[in-house]
Structures are given as C-alpha cells and as structure tokens.
Protein chains: 2
Amino acid sequence: MIDRILGVLGGMGPLASAHFMTRLTLLTPASIDQEHIPAVLWSDPRVPDRGKALRGGTDPLAALCRAIDGLQDAGCGAIAMPCNTAHGWFDKMQAHAKVPILHIADAAAAELRKIAAPGSRVGILGTAATLQMRLYQTHLGALGWETIEPSDQDMAEFVTPAIALVKANRLRDSFAPVAQALENLARRGAQAVVLGCTELPLAVQSGPVERLTIPLVDTIDALALAAIAWARGTAPSDQTATRIGSA
Amino acid sequence: MIDRILGVLGGMGPLASAHFMTRLTLLTPASIDQEHIPAVLWSDPRVPDRGKALRGGTDPLAALCRAIDGLQDAGCGAIAMPCNTAHGWFDKMQAHAKVPILHIADAAAAELRKIAAPGSRVGILGTAATLQMRLYQTHLGALGWETIEPSDQDMAEFVTPAIALVKANRLRDSFAPVAQALENLARRGAQAVVLGCTELPLAVQSGPVERLTIPLVDTIDALALAAIAWARGTAPSDQTATRIGSA
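In this report, the structure presented in the accompanying data block is examined. Bear in mind that the values here come from a model prediction, so they are computed numbers and not experimental data.

What counts, and at which threshold
Residues numbered from 1 in each chain as written. Chains lettered and ligands numbered in written order. Predicted model: local features only at pLDDT ≥ 70, side-chain atom pairs only at ≥ 80, totals over all residues. Heavy atoms only, no water. Helix = DSSP H or I, 4+ residues; strand = E, 2+ residues; numbered from the N terminus. Buried < 20%, exposed > 50% of the residue type's maximum accessible area, 1.4 Å probe, protein only. Contact = heavy atoms within 4.5 Å. Pairing = 2+ DSSP bridges. Axes fitted to C-alpha atoms, helices over the stretch in contact; angles between N-to-C directions. Least-squares fit on C-alpha atoms with pLDDT ≥ 70 in both. Buried area = accessible area lost by both parts, 1.4 Å probe. Salt bridge = Lys/Arg side-chain N within 4 Å of Asp/Glu carboxyl O. Polar contact = N/O pair within 3.5 Å; in protein donor to acceptor, adjacent residues only side chain to side chain. Nonpolar A, V, L, I, M, F, W, Y, C, P; charged D, E, K, R; others polar.

Residues and elements named next belong to chain A. As for its placement among the helices and strands, Leu-131 is situated in helix 6 (residues 128-132). By relative accessible area, which is 8% here, Leu-131 ends up buried. In sequence terms Leu-131 and Gly-141 are ten residues apart; their C-alpha atoms lie 13 Å from each other. Beyond its immediate sequence surroundings of up to four residues, Leu-131 is in contact with Ile-124, Leu-125, Gly-126, Gln-137, Glu-149, Pro-150 and Met-155.

The next subject is the sheet that holds strand 5 (residues 121-125) of chain A. All names here are of chain A. Read across the sheet, four strands follow the order 6-5-7-8 without closing on themselves; strand pairing throughout is parallel. The open sheet is flanked by strand 6 (146-148) and strand 8 (216-218), the only strands paired with a single partner. Along the sheet, successive strands turn relative to each other by an average axial angle of 30 degrees, direction set aside. Two elements, strand 7 (residues 192-195) and strand 8, share three bridges in a ladder whose sense is parallel.

Once that is clear, we can look at the relation of the copies chain B and chain A. Superposition of chain B onto chain A requires a rotation of 179 degrees combined with a translation of 0.3 Å along the rotation axis, giving an RMSD of 0.2 Å. On this basis, the relationship between the two copies can be described by a two-fold rotation axis. Of the C-alpha atoms belonging to chain B, the one lying closest to the rotation axis is found on Leu-41 of chain B, 2.4 Å away. A share of 95% of interface residues in chain B that are also interface residues in chain A marks the association as one of identical surfaces.

Quick look at the side chain of His-19 of chain A now. Of note, His-19 of chain A is situated in helix 1 (residues 14-27). Apart from the residues within four sequence positions on either side, His-19 of chain A is in contact with Leu-202, Gln-205 and Ile-220 of chain A together with Thr-22 of chain B.

On to the interface of chain B and chain A, then. The interface is formed by 38 residues belonging to chain B together with 37 residues belonging to chain A. By the criterion of area lost to chain A, the three top residues of chain B are Asp-33, Pro-45 and Arg-46 of chain B, representing 23% of everything that side buries. Applying the counting criterion to the chain B and chain A interface returns four salt bridges. Asp-33 of chain A serves as the salt-bridge partner of Arg-50 of chain B, at 3.1 Å between the closest nitrogen and oxygen. Counting the contacts that link chain B with chain A gives nine residue pairs in polar contact (both at pLDDT 80 or more). Sorting the residues of the side of chain B that touches chain A by element identifies helix 1 (14-27) and strand 2 (39-43) of chain B as the ones contributing at least two each. Among the elements that make up the side of chain B that touches chain A, the one with the highest residue count is helix 1 of chain B (eight residues). The class makeup of the residues in the side of chain B that touches chain A is 20 nonpolar, eleven polar and seven charged.

By themselves, these figures tell us nothing about what the structure is for.
Now the structure itself:
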C-alpha cells in the first residue's frame, strides 16, 4: 500500500486535470484499488487566466499559493501541476511551498531522452504564452537539445485554434489543425515534438493518430510517470509514457 | 463564476473517480476554464474494500469520515461519491458530515424519470454487494418503479466478470458479458436499466453500443448532473445525461 499522498494542482483547464487523473491511474502498475496512489486533486478553474496575466491581467500567484496550502493541509507530500503555462510561476510557487513541486519540463525531458538524443532537433508545441515564456526551450536547451517552434502563422492558424477547441469540448474538430502544425515542424527537421500544453494530447487522440509519423512526448503522461515514481519512492522508472495513439 | 466548491469522495476505484471528473467537466455548460465548477477530488484508494466489509472485513467508515473531514476543511459545500457500493454507508456518513452528500440513487431516479415512468419495470445492474444491499431496489421501489435484477447465474457468468475486467483495465473484453446481461433483463420485460456500478458504463462504452436497444441510466453521469445543478444553484436541470454511446 502506498502511503505518500500526491497533490494535483489542477483546474487549468479542468478537462486536462481530469485526464491527468485518468492517466495517473492507468500508468500505475496495480490490479486492485488499494495498490493505486492516494491523491488529492485541487481543481480550481477560477485561477486567473495565465495567458492573460502575462499580458498584464490579474496575477494568478495568490490563487496558486492558496491551492498549494490546501494540498499541504490535506497531507500531500509533493505536488504535480498538469498545466504548462502555470509553470511560468513555478519558482515563486516552489518558494512558497513546503513540499516539492514536480516540474513538468523535467518530466518531459526524461521521456524525450527515450526517443530523441540530446543534440537532435525537437519541436515544441504549446500555447503562445508557454512558447513566449520559453519554458521548454530553456529547459531542453540547457540539456542539449536544439528546439524549434511553429511559425507565427502556424500558431495563429493551427495551434491556438486547436487548444481553444479542446477547451470548448469540441475535441473532434481539434485534430486536423494540430496534425498540420506537427507536419510543418517535421518538414523543418524536427525529430520529435513535445506537446507542451495539456490540451494538445487530447486533440491528437481525437483523430486518426496513425497518420502522424513524428514521435511525440505527451507531457501529461510524462508528469504522471514522474508522480508515480515519486509516490512509489523509486527513481524515474523505465516504464515508458504511452506514445500518442497507443493508449 | 461559480463559487460553490464540490467535494468528490473518490478512489473507489480511482479510474471511476477520474472518469467522474471528466464527465463533470464535459456535462458543464462552459466555454472557458472560469465557467467550470471548482472541485476537490479526494482519491484515496486505501479505503478498505466495501464488498469485503459486507462479508465481515475491515469497516471503511473511519476512512470515509476522514475523507469527508478533508473535503470540508478544503471548503467544499457538498459531497458527491462516485461509488455505488460505498453508499451502503451513506446514512452514517451523512450523520458525520456537516455538508450535504448527494445520493447517487436520487440522482439516478431523476434521470430514470426521463426515460421510464414510475410504475414501469426497470432492471438494476451492479456489484453483488450493491444488489444485496438493495440500494436501488429500495430507493426506486419507494418512488414507484418495479425493479428486477439479473439471475444468480447471470451475475456469476456476466455481470461480476465484466466489472472485474474493467478494474483490471481490460475494457474491450468487458462489453460482451454486460451486453448479454442487458439482453436478458430486456427479455424479462425491463423498460430501462440502471447501471448501478461506476465500472459498468465504462464496459458498455467499450463495444458496439448501437446494438443495445434498451435505454440505460449511467449513474456516473446522473451524479455529475446532480452535482452541476447543486454548484450552479439551480433545480435539477432539463439537461439529459448523455445516453450510453452518444458521448
């Protein structure tokens, strides 16, 4: 029986954090309820919009710190946050927290290493806010990968609309634009693509994934695997995040 | 913006409660994060097995009450529990709680009313423990429906194996046995069937649902709709739970 309690700081958006809970469950080696990981999901969709905050809107830090306090009060020993953009506040959140917060880019790097060696070129997809804050470019660049991003036109035509369609529960319509953005990154030499937004894996899974030839890192799965390794007190396991489409 | 915080007492099993969070999100009329319902999911798979408790095993009440306390401390104003068998402890839990617990059978009755008038015959599927505790037979009987259950042979051959297959993540294999149990209830005159187990809707959705002709009540969806109505401060809405297969 696992006695470490995982805190999940979610609600950004709520569908992505529900999906994280599903993946956390399915990726845990368990055959009965009692072998699964105790977790508290704090799903607060009222957290001020992270993208808007970067453009001068309300700062979400106070709401994020309230969630941290709530998860700590509930007995959680570590926190996972299935929202890439919110990692822009990671350092301030970690300074506030008494427990470790598992960084989603560290988790993604561990998975990326399995499919594309450092030194190779990898594409980064994400919200405009995540790309502007250079979350993955900085982390993966420091670890030796060369990162590329969609053009401004691809962001406007394909990536931003796909994310909005997932948030509006229009999953089926979200596949085609994300597939086009992936194809364009592959044409520019990307050996793999990191889906640096928790909505994008949902978009990819909503269509004929067998048509996508470029290997992908699902950051929701990567974070779930890092959380499972923490809860079980093991080093990051050799278990591989389910590749998109094989779920 | 919705300020009522929903508590979700989950982890029994964890896949069912993650699925509940997904359905809660998809059934909420919302187009941006901030229109969704704030929720705290307490997913504690360590709660002693409810079926075993009914056969003389460890009583889960203390663990259930700890979860209630945790959800109340987190500011939750009502609690939904996406596990039918655990409703056998409902009265003691409600006596302990300071906030209302939304009863899954009340939620199911509200949905059943839309497809089968009181007075008609309805089938009840569930774990052996749920059927033995007569959760739905008592509630729906008091509201005027005539309830029937699978034969002992159908329980042993179809229903119990289907639930075990879902818990073991073998979703595809779980469809055929549940379809057979449904057909047998229809042959005995059931006008609709209540899937009184949080695993069964997952089994039904894993196969060719268009072959099923009998109307079904998905108790996960029913409970999600009751929770949404509570959070929005509305009377139970006219929105209908997604029929199995139309998701």
